[in-house]
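# A structural walkthrough
Each chain, letter by letter, is given below.
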Amino acid sequence: MASSGITFVSSDQEKKEFIEFQYRHYSTDGFFVPPLRSEQKKLIDTEKNPFFKQAKMAMFLAEHNGKPAGRIAAVVDNRFNKQHGLNTGHFAFFECIDHQPTADLMFRVAEDWLKEQGVEEVLGPTNPGMMDILGFLVDGFDKYPYIMMPYTKPYYEKLALNAGYTGVRDLLAFVVDKESVDFDRMKKAKAMIMRRYPEITIRPVSLKRISDEVKIVRDIYNEAWKNNWGFLPLTIEELSGLAKEFKMVLDDDFAHIAEWEGKPVGFSIALPDLNQVFKTMNGNLLPFGFIKFLWGKRKINRIRTALMGILPEYQGKGIDALFHQRTIERALDRNFVESELSWVLDNNTEMIHVAERLGARVDKRYRMYAKKLEV
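These notes cover the structure that comes with them. Along every chain, residues carry numbers that run from 1 in the direction the sequence is written. Given that the model is predicted, a residue must reach a pLDDT of at least 70 before its local features are reported, and side-chain atom pairs must reach 80 or more before they are shown or counted; all residues, however, enter totals for whole chains, interfaces and linings. To obtain the side-chain values, all non-hydrogen atoms of the structure were included, while hydrogens and water were left out.

## Some remarks on the packing of helix α11 (residues 319-333) against helix α12 (residues 349-358)
Across the interface, α11 lies against α12 with an axial gap of 10 Å and an inter-helix angle of 40°. Remark: the crossing between α11 and α12 carries right-handed chirality. Only E350, M351, V354 and L358 of α12 make contact with α11, whose side of the interface consists of D320, A321, H324 and I328. In this classification, the charged set is Asp, Glu, Lys and Arg, the nonpolar set is Ala, Val, Leu, Ile, Met, Phe, Trp, Tyr, Cys and Pro, and all remaining amino acids, among them Gly, are polar. Residue composition of the contact of α11 with α12, grouped by class: five nonpolar, one polar and two charged. Axes, fitted as lines to C-alpha atoms, cover a helix only where it is in contact. Angles between the N-to-C directions of the axes lie from 0 to 180 degrees. Only runs of H or I of at least four residues qualify as helices and only runs of E of at least two qualify as strands under DSSP, and these elements are numbered from the N terminus. We call a crossing left-handed when the near helix sits turned anticlockwise from the far one by less than a right angle, and right-handed when that turn is clockwise. In what follows, residue pairs with any heavy atoms lying within 4.5 Å of each other are defined as contacts.

Okay, here's the thing in structure tokens:
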């Protein structure tokens, strides 16, 4: 008789097993890019990850027939609930073999823990929060994910739907390349915008004044995104942490601030696609991963526009198009061949139109799921 079991993760060894499951689980998936183990360890560290100052998490490991079969975490993010007036928990870090009873058991254990916290609804997957990597991949399994985007098994949606979850929001990843970009349209749009709004200037982010730039980005982001689905205000601490991570990869050809008569009103941050290097490193910086990283970094030829924000009163003036145009121009000058704009909410018609006017197409689709909990 087949049997499944669940372990509540508490010891250092169990935490290590929680992290390692992902690497074994995808070992034969050609398009999976192993994340750095050091970063995964930081993510689940409730002492060091600033996310957990206002959140709590329980982690679980599953076994089936005596073998590791899956992992899941249950998360309550008090800041998210306060921001949106909700009583929602998240399922996070979900990985599972293609076995519905094991998935059902993992979901049930996570849901039971969330019920104990008084939660009424589950939303996921998050890793661990809404400002981290989100969603199950539902379209685009034959392509490598870009930096800080997920790759998941094709059967995960089936497991979630059969466990009573419903798809609630799609996150779109657009791609534009040398063949598809509409250069003429891009140049005409730039000329028209600059003619209409000569007050706009676009400048590179200053890496020498990164702490000042971080404050500008934080203030614009929190104002620009406050009415968006899933929004969480960024703290200086979180953004400073991001800046430290980004500083190693941030490139002022691809990170820009928009100013209106000298006042910062928007920002755009695109990152070289480090996944092109990480896929060769098996999640390790040491002992030889760092050498591979430095060597491989020179060969990167894709970028991802990962963050963008424009103050509400300056939206609709074409600043987003100027950001994309400048990033693409710089990328082509440096022989980059492809750029991803991600993620874009499926109901963000303005950003979808901007992407389409550039010549971009939907390349991958990710999905978030929710379930009401029976009290």
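## Overview of helix α1 (residues 12-25)
Helix length check: α1 (14 residues) gives 20 Å between terminal C-alpha atoms against 20 Å at 1.5 Å per residue, within 8%. Take the seven residues that end at a residue and the seven that start at it, fit an axis to each, and the angle between those axes is the bend at that residue. Most pronounced at I19, the bend in α1 amounts to some 30°. In this structure, the buried residues of α1 make contact with α2 (37-43), β2 (55-64), β3 (67-77), β4 (88-96) and α5 (156-162). Expected helix span is given by 1.5 Å per residue-to-residue step, counting one fewer step than there are residues.

## Overview of the packing of aromatic side chains
Between the rings of Phe, Tyr and Trp (Trp by its six-membered ring), a pair exists once the centres lie within 6.5 Å; its type follows the angle of the planes, with under 30 degrees stacked, over 60 edge-to-face, and the other angles tilted. Taken as a whole and judged by the stated rule, the model has 24 aromatic pairs. Plain terms: the ring middles of F91 and Y165 are 5.3 Å apart, the flat faces sit at 70° to each other, and that makes the pair edge-to-face. Linking F91 in strand β4 with Y165 in the loop between α5 and β7 (166-177), this pair joins segments that are 74 residues apart in sequence. For the pair F91 and Y165, a shared accessibility class is recorded, and that class is buried. For the pair W225 and W343, a centre-to-centre distance of 6.4 Å together with 85° between the ring planes defines the contact as edge-to-face. With W225 in the loop between α7 (210-224) and α8 (236-247) and W343 in strand β12 (residues 338-345), the pair connects residues that are 118 residues apart, well separated along the chain. Using a relative accessible area of 22% as the deciding quantity, one classes W343 as partly exposed. Among the aromatic residues, those joined into a cluster by ring pairs are F91, F94, F107, F136, Y155, Y156, Y165 and Y369. Throughout, exposure labels follow a simple rule: accessible area from a 1.4 Å probe, protein chains only, divided by the maximum for the residue type, with under 20% read as buried, over 50% as exposed, and the rest as partly exposed.

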